[in-house]
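# Remarks on the overall topology
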Amino acid sequence: MQTQVLVIGGGPIGAVAARCAAEAGVSVVLVDRRADLSPSSCCTGLVSPRTLPTLGVSSHSILREIRAITVHAPSGHTLDLVADRVKAVVIDRHRLEQELHHRARVAGVEICLGTEAVPIDHHVVELRGPDGTRSVSTSWILGADGPTGQVAETVGLRPPERFIHAVQAVVEAPTQFRADGLDVFLGSDVAPGFFGWAVPAEEGQMRVGLGVPPPHHSSDYLGRLLEQRFAGCRVVSQSGGWIPAAPAPRSAAGRTLLIGDAAGQVKPLSGGGLYTGAICARVAARIVAAAECPASPAWHTGSSYDTAWQSAIGR
């Protein structure tokens, strides 16, 4: 099997890169190990309003519009900020990915779910899926497989330089929290080196979580936050995972480009990566399209990918 571009990782950033490359006339295969697009671990789903247009999707996945924030200081004091317009939205991650995959398919992307991708070298990847094992020969590999993915390791690229371990619980929402507001909890007793949050989600539920750098244990701090602030609230589910808190030293090796969390293309304050990752995914798609399609607008070569995406999203 041959394709011009193989995208490994079918999360939002991988799906955006795949769709944009296909729309530019490039043949694209997108693979993801998940069979049902189950949500990735610990996604808070809080994004700026500009994120969905940048991803190229509708407002169908929006659960809440956020106009207020309450900041809880270590001293016990609080600061309430209220805006007269929407400052953020909370999304249903599963619904978002369903739409992104649909749009990618419409653009001509071949999507292989429930498939493990094992990179052999810069141009050959072994796919292990429901229908057996096959090899794919490709001109470009886009690694969207997360900050500890195999793609970077295979081509000798180092992971992002700093990580935060985040953990989040979905709890039954107490009545005192605003339906259009979020809460941020600060202090070394709450989340040393990062912060905690409580975000309204589906009806009657909140996403409560925090992050801490190593060697702290995030689950210990979450238990304390739930006990102090959400006592008596039933925990519906809990998840956790690593998020990058800084870029990778390099995100390109030949014709292998890392995108999204794999490259550490995240907001430095929060570790959120949907908006910044979507911008960088479009940069990567334009690079491969310029190389593979003579009719595509001139763009940077693969060796300047780091410079291109860093210029696109700023410091």
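So, here is what we can say about the structure in this document.

Rules and cut-offs
Residues numbered from 1 in each chain as written. Predicted model: local features only at pLDDT ≥ 70, side-chain atom pairs only at ≥ 80, totals over all residues. Heavy atoms only, no water. Helix = DSSP H or I, 4+ residues; strand = E, 2+ residues; numbered from the N terminus. Rg over C-alpha atoms; globule rule 2.2 N^0.38 Å. Buried < 20%, exposed > 50% of the residue type's maximum accessible area, 1.4 Å probe, protein only. Contact = heavy atoms within 4.5 Å. Areas by Shrake-Rupley, 256 points an atom, 1.4 Å probe, with all protein chains shown as cover. Lys, Arg positive; Asp, Glu negative; His and termini not counted. Charge placed at Lys NZ, Arg CZ, Asp CG, Glu CD. Pairing = 2+ DSSP bridges. Axes fitted to C-alpha atoms, helices over the stretch in contact; angles between N-to-C directions. Parallel < 35°, antiparallel > 145°, perpendicular 65-115°, else oblique. Left-handed = near helix turned anticlockwise from the far one by under 90°. Nonpolar A, V, L, I, M, F, W, Y, C, P; charged D, E, K, R; others polar.

### Some points on the overall build of the protein chain
Summing up its helical and strand segments, the protein chain has seven helices and 18 strands in all. In terms of overall dimensions, the protein chain is globule-like: its C-alpha atoms have a radius of gyration of 20 Å, near the 20 Å expected for 315 residues. Burial status across the protein chain gives 53% buried among its 315 residues. Contacts spanning at least 24 positions in sequence make up 69% of the contacts within the protein chain whose residues lie at least 6 apart. As displayed, the protein chain has an accessible area near 14300 Å², and 51% of this comes from carbon and sulfur atoms. Looking at charge distribution, the protein chain has the averaged site of its 27 positive side-chain charges lying 5 Å from that of its 28 negative ones.

### Notes on the sheet that holds strand β14 (residues 196–200)
What the seven strands build is an open sheet, ordered β6-β5-β13-β14-β15-β12-β16; its pairing is mixed. Across the chains shown, the open sheet's two edge strands, defined by having one partner strand only, are β6 (78–82) and β16 (235–244). Each neighbouring strand pair of the sheet contributes to a mean axis angle of 15 degrees, computed without reference to strand direction. Where strand β12 (residues 163–172) meets strand β15 (residues 205–212), eight bridges bridge the pair, whose relative direction is antiparallel. Note on β15: the bridge partner recorded for Val 170 is Arg 207. Packing against the sheet, helix α5 (residues 218–229) makes contact with β5 (68–72), β12, β13 (181–185), β15 and β16, and its axis sits at approximately 140 degrees to β15.

### Overview of the pairing of β5
Covered by surrounding structure in β5 are Ala 68, Thr 70 and His 72 only, the residues Ile 69 and Val 71 on the alternate face being uncovered. As paired strands, β5 and β6 are joined by five bridges and run antiparallel to one another. What sits directly across from His 72, in β6, is Thr 78. Hairpin connection between β5 and β6: a loop of five residues separates the two successive antiparallel strands, and Gly 76 in this loop has a positive phi of roughly 105 degrees. Across five bridges, the pairing between β5 and β13 is parallel. Within β13, the position partnered with Ala 68 by the bridge is Gly 181.

### Focus: the pairing of strand β7 (residues 88–91)
For a regular strand, side chains alternate in direction, first toward one face of the sheet and then toward the other. Here β7 shows a buried face lined by Ala 88 and Val 90 and a second buried face lined by Val 89 and Ile 91. Note that strand β3 (residues 46–47) and β7 share two bridges and pair antiparallel. By the bridge assignment, Val 47 is partnered in β7 with Val 89. By the bridge criterion, four bridges tie strand β4 (residues 62–66) to β7 in an arrangement that is antiparallel. Across the sheet, Ile 62 pairs through a bridge with Ile 91, a residue of β7.

### Focus on the environment of Val 31
Along the chain, the position of Val 31 falls in strand β2 (residues 28–32). Taking C-alpha positions, Val 31 is 39 Å from Leu 186, a pair spaced 155 residues apart along the chain. Each residue touching Val 31, except ones within four places of it in the same chain, is listed here: Leu 6, Val 7, Ile 8, Gly 9, Gly 10, Cys 112, Thr 115, Ala 117 and Leu 127.

### Regarding the packing of helix α6 (residues 274–292) against helix α7 (residues 305–313)
Put simply, α6 and α7 touch, their axes get as near as 9 Å, and they point 140 degrees apart. The angle between α6 and α7 places the two elements in the oblique class. Judged by the twist between their axes, the crossing of α6 over α7 is right-handed. Of the residues in α7, those in contact with Thr 276, Ile 279, Cys 280, Val 283, Ala 284 and Ile 287 of α6 are Tyr 305, Ala 308, Trp 309, Ala 312 and Ile 313. Among the residues making up the contact of α6 with α7, the classes are represented as ten nonpolar, one polar and no charged.

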